[in-house]
Amino acid sequence: MKFNILITAFPFVNEYKKLKNLFKKHNFNIKVIKTSQYLKEKDLIKVVENIDGILCGDDEINENVLKKANRLKVLSKWGTGIDSIDLETCKKLKIKVFNTPGAFTESVATQALAFILNFNRKILENDNNIKKGIWNKFEGVTLVDKKIGIIGLGNIGLRIAELLLPFKSKIFGNDIKKINNKKLKNFKINTKSKNYIYKNCDIIIIATDLNISTRYLINNKTSKLIRKKPLLVNIARGPIINDQALILLLEKKIIAGACLDVFEKEPLPLKSKLRKFKNVILTSHNAFNTVEEVNKVHFNTYKNLVLGLKK
C-alpha cells in the first residue's frame, strides 16, 4: 500500500530538500506545506483527507481536523510538546501519537541562561550603543545570592537549575509532580509554592508544560503577589502568560523586565505593545534551535512516522 504523508512541521519543511532522502526507500506520497509557525484548523481541514501520516509541528490538530482525516493512522510530532493535539480524540480514533521527549532540554535551558545573563549585564544595550558610536558604561548585577524561582521541574527546569549551580544563586522550584529527591539535592533546589516564588524571587523562570492548570498562570491576580520586582523569563509556552497582564506588569514597573521566547499569539502581532519595551528581550520561539538537537529531532520524528505506519 502506498501511504500519503503530510509534512507541516516548519523546521522540517525548511530543510526538506536535505532530508527527503530519508523517505526514498519507502513507498510514500509526500505533500509538504510551508508555514511560518503552524497550521490552523481551517487550513488543515482542506488537506488531511486521505492522509495516512502527518509529520506535524504545533498545528491545530483538534477534533474537527481528526474527524476529517479519514485515513489517518499516525501523528509524528516534531519536538516534545503535544498540547496542540486532541489526544482524547486520537485515542478514540486509534490514531498513534509520537513525539521526542526531552528533545530540546539543553537548547532551551541554555537559552534561559543566556536571557538572564544578557538582561543582567545589559549586553544588548551596550552592543547597540557602541554600534551607534556611544561609548558608555552599563552597571549590571551578578547572580550570586539571587533568589531564582523555576516553575516547572521537568527536564528543562532541572537542567536550568544545574546550569545555575556555578553562579551560587539560591534556587527555588515548583512542580505539581513529585520530583526525585536526589535531583533536588544535587541541584540544590528548595521546593516552594508558586506564591512563595512570586513573592520572594529576583528572577522567575517559566519552564512548565501548557495544560489546563498552567494556562494563564501569570495573570492579573498573580501581579498582586509579586513583591521584589523580578525578571520574568518564559521559555515554555506562550499562553502560560496572559499578554495583557504582562503588559500591565511592565507598564506599572511591577517587574524589572521580561525575556520571552514564546507568546500568546505567534508570530507576535506587529502591533503588540511587547515590542516597545526597552526592558524586554524577545526571540521568535527559537530556543530549541541548535544544530545538534534539531538534527536529532529531525531523524527521530521521521523514524517515529515510519515505525507507526509499519506497526
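(A) Summary view of the packing of helix H6 (residues 105–121) against helix H8 (residues 155–164). Across the interface, H6 lies against H8 with an axial gap of 9 Å and an inter-helix angle of 50°. Relative to H8, H6 is oriented oblique. Of the two elements, H6 crosses H8, and the hand of that crossing is right-handed. Of H8, the residues touching H6 (which contributes Thr105, Glu106, Val108, Ala109, Thr110, Ala112 and Leu113) are Asn155, Ile156, Arg159, Ile160, Leu163 and Leu164. Among the residues forming the contact of H6 with H8, the class breakdown is eight nonpolar, three polar and two charged.

(B) The pattern of salt bridges, seen in detail. Applying the stated criterion to the full structure yields 14 salt bridges. With a closest N to O distance of 3.0 Å, Arg159 and Glu162 form a salt bridge. Here Arg159 and its partner Glu162 are both found in helix H8, three residues apart, which amounts to about one turn of the helix. Using a relative accessible area of 31% as the deciding quantity, one classes Glu162 as partly exposed. For Asp202, the salt bridge is made with Lys228, and the minimal N-O distance between the two is 3.2 Å. Here Asp202, found in the loop between helix H10 (194–200) and strand E9 (203–206), pairs with Lys228, found in the loop between helix H11 (220–223) and strand E10 (231–234); they are 26 residues apart in sequence, far enough to count as distant.

What counts, and at which threshold
- Residues numbered from 1 in each chain as written.
- Predicted model: local features only at pLDDT ≥ 70, side-chain atom pairs only at ≥ 80, totals over all residues.
- Heavy atoms only, no water.
- Axes fitted to C-alpha atoms, helices over the stretch in contact; angles between N-to-C directions.
- Helix = DSSP H or I, 4+ residues; strand = E, 2+ residues; numbered from the N terminus.
- Parallel < 35°, antiparallel > 145°, perpendicular 65-115°, else oblique.
- Left-handed = near helix turned anticlockwise from the far one by under 90°.
- Contact = heavy atoms within 4.5 Å.
- Nonpolar A, V, L, I, M, F, W, Y, C, P; charged D, E, K, R; others polar.
- Salt bridge = Lys/Arg side-chain N within 4 Å of Asp/Glu carboxyl O.
- Buried < 20%, exposed > 50% of the residue type's maximum accessible area, 1.4 Å probe, protein only.

Purely geometric numbers; function is a separate question.
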